[in-house]
Amino acid sequence: GAVVSQHPSRVICKSGTSVKIECRSLDFQATTMFWYRQFPKQSLMLMATSNEGSKATYEQGVEKDKFLINHASLTLSTLTVTSAHPEDSSFYICSARDGGARFGEQYFGPGTRLTVT
Amino acid sequence: LAKTTQPISMDSYEGQEVNITCSHNNIATNDYITWYQQFPSQGPRFIIQGYKTKVTNEVASLFIPADRKSSTLSLPRVSLSDTAVYYCLVGDGAGGSYIPTFGRGTSLIVHP
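Given the structure is predicted, the values throughout are model-derived calculations rather than measurements. (Residues numbered from 1 in each chain as written. Chains lettered and ligands numbered in written order. Predicted model: local features only at pLDDT ≥ 70, side-chain atom pairs only at ≥ 80, totals over all residues. Heavy atoms only, no water.)

*Asks:* Please explain the overall build of chain B as it appears in this structure.
*Replies:* When helices and strands are counted, chain B shows 0 helices and 9 strands. Helices (α) and strands (β) of chain B occur, in sequence order from the N terminus, as β-β-β-β-β-β-β-β-β. For 112 residues, the compact-globule estimate of 2.2 N^0.38 gives 13 Å, and the C-alpha radius of gyration of chain B, at 13 Å, lies within 12% of that figure. Taken over the C-alpha atoms alone, chain B extends approximately 40 × 30 × 25 Å along its principal axes. By the burial criterion, 45% of the 112 residues in chain B qualify as buried. Excluding contacts between residues fewer than 6 apart, the proportion of contacts in chain B whose partners are at least 24 apart in sequence is 55%. A total accessible area of about 5700 Å² is found for chain B, and carbon and sulfur atoms account for 51% of it. (Helix = DSSP H or I, 4+ residues; strand = E, 2+ residues; numbered from the N terminus. Rg over C-alpha atoms; globule rule 2.2 N^0.38 Å. Buried < 20%, exposed > 50% of the residue type's maximum accessible area, 1.4 Å probe, protein only. Contact = heavy atoms within 4.5 Å. Areas by Shrake-Rupley, 256 points an atom, 1.4 Å probe, with all protein chains shown as cover.)

Encoded structure:
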């Protein structure tokens, strides 16, 4: 089946620094990618939707200047957490929609564990 | 966007069949029903998808009644490794505006 990768899988950074997370669709073209955040024992919360070549659409309450999303190609989207703080520590998951699939199948990445100290 | 309701948790034992039901009263005509499985610290994994009646694959079955207002994921003969959270999502995956939105999910615990 289709594969979505994320890099890094784990990252620890100091408060005030920025962290970039990459999401790649390895064997299909992803016209749309989604970024989620998941806190312990909670469900996935959608942060933003990104379409290749256009600005991301952020969910209410998500700061677009703090969580920078770039979808520069049909196989790569990046999420940059700027000026990270301990409360940004979470599990970040991306998903990609296969633009060529009949039912627009979604595939999820393995997630990135961010810890801000 | 169709809202889904699932039991928060379920317990079972190895070898038993587990049925998890999801309610989606506001499902639209073009919506499909998709189930995902998630283990701790991993991304969700696709299990099965259906539109109506019954769908079966190598890991599960999905039963959808005629009114499509609910669906039941059936896991035959569960094992300890099936302990996970299961999410039911409803939407028009082929539609350009579909945004996969997760509800609370069902935490399944399989006991020895």
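Still more ground to cover, so stick around.
*Asks:* What exactly am I supposed to notice about the nonpolar core here?
*Replies:* Generally speaking, a soluble globular protein has its nonpolar side chains buried in company with each other. Counting 24 residues, the largest nonpolar core has W35, F67, L79, Y92 and L114 of chain A as the members making the most contacts within it. Residue assignment for this core shows that the elements contributing at least two residues are β2 (10–13), β3 (19–25), β4 (30–38), β5 (45–51), β7 (67–73), β8 (76–81), β9 (90–98) and β11 (112–116) of chain A. For L114 of chain A, the residues in contact, after removing those within four places along its chain, are V11, C13, V19, V81, D88, S89, S90 and Y92 of chain A. In this structure, I20, C22, I48 and V110 of chain B belong to the second largest nonpolar core, which totals 20 residues. (Core = buried A, V, L, I, M, F, W, Y, C linked by side-chain atoms within 4.5 Å.)

*Asks:* Please explain the interface of chain B and chain A as it appears in this structure.
*Replies:* Interface size is commonly expressed as the accessible area that is lost once the parts come together. With 19 residues of chain B in contact, the opposing surface of chain A contributes 19 residues. For the pair chain B and chain A, the two sides together bury roughly 1500 Å², of which 55% comes from carbon and sulfur. The largest share of the area that chain B buries against chain A comes from S41, P100 and F102 of chain B, three residues that together contribute 28% of it. Applying the counting rule to chain B against chain A returns 0 salt bridges. No other element matches the 3 residues that strand β3 (residues 32–38) of chain B contributes to the side of chain B that touches chain A. Classifying every residue of the side of chain B that touches chain A gives 9 nonpolar, 9 polar and 1 charged. (Buried area = accessible area lost by both parts, 1.4 Å probe. Salt bridge = Lys/Arg side-chain N within 4 Å of Asp/Glu carboxyl O. Nonpolar A, V, L, I, M, F, W, Y, C, P; charged D, E, K, R; others polar.)

*Asks:* Is there a simple way to think about the sheet that holds strand β9 (residues 106–111) of chain B in this case?
*Replies:* Strand-to-strand pairing in sheets goes through backbone hydrogen bonds, with the strands running parallel or antiparallel. All names here are of chain B. As summarised here, the arrangement of the 5 strands in space is β1-β9-β8-β3-β4, forming an open sheet in which the pairing is mixed. The sheet is open, and its two borders are formed by β1 (9–13) and β4 (45–50), each paired with just one other strand. The mean angle between the axes of side-by-side strands here comes to 25°, regardless of whether they run parallel or antiparallel. Sheet analysis places β3 next to β4, joined by 5 bridges and oriented antiparallel. For Y36, the partnering residue across the bridge sits in β4 and is F46. (Pairing = 2+ DSSP bridges. Axes fitted to C-alpha atoms, helices over the stretch in contact; angles between N-to-C directions.)

*Asks:* For this particular structure, what's the right way to read the environment of Y36 of chain A?
*Replies:* Take Y36 of chain A: it is sitting in strand β4. Given the relative accessible area of 0%, Y36 of chain A is considered buried. Separated by 58 residues in sequence, Y36 of chain A and C94 of chain A have C-alpha atoms that sit 6.0 Å apart. Ignoring anything within four residues of it in the chain, the contact list for Y36 of chain A reads L44, M45, L46, M47, F91, Y92, I93, S95 and F108 of chain A together with P100 and F102 of chain B. Of note is the side chain of Y36 of chain A, whose polar atom sits 2.5 Å from the backbone oxygen of P100 of chain B. (Polar contact = N/O pair within 3.5 Å; in protein donor to acceptor, adjacent residues only side chain to side chain.)

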